[in-house]
Amino acid sequence: MTVTLEVAEGVGTLRLDRPPMNALDIATQDRLKELAEEATRRDDVRAVVIYGGERVFAAGADIKEMQDMDHTAMVLRARALQDSFTAVARIPKPVVAAITGYALGGGCELALCADYRIAADNAKLGQPEILLGLIPGAGGTQRLSRLVGPSKAKDLIFTGRQVRADEALAIGLVDRIVPAADVYEQAHAWAAKLAQGPAIALRAAKESVDTGLETDIDTGLAVERNWFAGLFATEDRERGMRSFVEEGPGKAKFR
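This section reports on the structure supplied with the text. Because the structure is a prediction, the values reported are computed rather than measured.

## Describing the overall build of the chain
Counting its secondary structure elements, the chain contains 11 helices and 9 strands. For 255 residues, the compact-globule estimate of 2.2 N^0.38 gives 18 Å, and the chain sits close to it at 19 Å. When the backbone C-alpha atoms are referred to their principal axes, the chain occupies close to 65 × 40 × 35 Å. Relative to its full complement of 255 residues, the chain shows a buried share of 43%. Working note: accessible area of the chain is about 13,400 Å², and carbon and sulfur atoms make up 54% of it.

Written out as structure tokens, the structure reads:
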């Protein structure tokens, strides 16, 4: 299998495993969508780590496979390509990308689907599609600009250049840099901590933020308002408030 889902301590690890560079061919894209949807459904998965292994996150699409595709073939495939990444972006649970080595093209676009990105100090990220006479096609033009702003996104997309971890951190493309040997451990710890949190409230927070970024503020506020009021019907809200009153902040144990 080119992608696997392993679950431990409430954390599901989506592991890319297509040596040597985790090129994202069609089979890998389809498998990624399948497992992202499984992680969404499973109650024992409370948070998710996307990981490509110790050496590389994902170096992009399988160019040899794409080279043989004509316009008609890509018209038929482009939606499925985007849908596989969107399935990851829409996992209604905290998702962290553990980035080692290269995260280029589709690999960078996959990292953009996470809520948080932890990168190795030797990581390199970029959208080099322009060097092939293309543009990013798995969400890069949309998610990158929303994350780092249109000017920085255009710089990366127009030039196709790679950025090192320190620049990626400076522009907001990644959120934390750690030694390469610690990337997965740190990502798993981030996810495991959130896996102990109130699952419905975390889902509400993620949906409210993501929806607000994609719509006008009044619609975003309506989504927030509905979720906020709805959470008053949950057991976790009762536990959280009772614990706060009786024990002080930060001590509630959620189911």
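## Let's talk about the side chain of R77
Take R77: it is sitting in helix α3 (residues 71-89). Sequence-distant contacts of R77, that is, excluding residues within four places in its chain, are made with I26, Q29, D30 and M69.

## A word on the packing of aromatic side chains
Any aromatic ring pair is given by two values, namely how distant the centres are and how the planes are angled relative to each other. Applying the stated criterion across every chain, the model contains 3 aromatic pairs. Each ring, one from Y116 and one from W190, has its centre 5.0 Å from the other, and the planes form 5°; the classification is stacked. Taken together, the residues span a long stretch of sequence, with Y116 in strand β6 (residues 116-120) and W190 in helix α8 (residues 183-195) at a distance of 74 residues.

## So, the sheet that holds β6
One open sheet accounts for 6 strands, arranged β1-β2-β3-β4-β6-β9; its pairing is mixed. Looking along the sheet, the strands with just one partner apiece sit at the ends: β1 (3-8) and β9 (176-178). Across the sheet, the mean angle from the axis of one strand to that of its neighbour is 20°, orientation sign disregarded. Judged from the 3 bridges that link them, β6 and β9 form a sheet pairing that is parallel. Counterpart to I118 in the pairing with β9 is R176.

## Considering the pattern of salt bridges
Pairing is possible between side chains of opposite charge, provided their charged atoms come close. The final tally for this structure, using the stated rule, is 12 salt bridges. For D115, the salt bridge goes to K206, with nearest N and O atoms at 2.9 Å. Linking D115 in the loop between α4 (106-112) and β6 with K206 in helix α9 (residues 199-214), this pair joins segments that are 91 residues apart in sequence. The exposure class assigned to D115 is partly exposed, which follows from its relative accessible area of 31%. Owing to a relative accessible area of 10%, K206 belongs among the buried residues under this scheme. Connected via shared salt-bridge partners are R18, D25 and D62.

## Considering the state of the cysteines
Per the counting criterion, the structure on display carries 0 disulfides. The thiol sulfur of C108 is not disulfide-bonded, and the nearest other cysteine sulfur, from C113, lies at 10 Å. Taking the relative accessible area as the measure of exposure, C108 reaches 2% and is therefore buried. Accessibility expressed as a relative area gives 3% for C113, which makes it buried.

Cut-off values and rules
- Residues numbered from 1 in each chain as written.
- Predicted model: local features only at pLDDT ≥ 70, side-chain atom pairs only at ≥ 80, totals over all residues.
- Heavy atoms only, no water.
- Helix = DSSP H or I, 4+ residues; strand = E, 2+ residues; numbered from the N terminus.
- Rg over C-alpha atoms; globule rule 2.2 N^0.38 Å.
- Buried < 20%, exposed > 50% of the residue type's maximum accessible area, 1.4 Å probe, protein only.
- Areas by Shrake-Rupley, 256 points an atom, 1.4 Å probe, with all protein chains shown as cover.
- Contact = heavy atoms within 4.5 Å.
- Phe/Tyr/Trp six-rings, centres within 6.5 Å; stacked < 30°, edge-to-face > 60°.
- Pairing = 2+ DSSP bridges.
- Axes fitted to C-alpha atoms, helices over the stretch in contact; angles between N-to-C directions.
- Salt bridge = Lys/Arg side-chain N within 4 Å of Asp/Glu carboxyl O.
- Disulfide = S-S within 2.5 Å.

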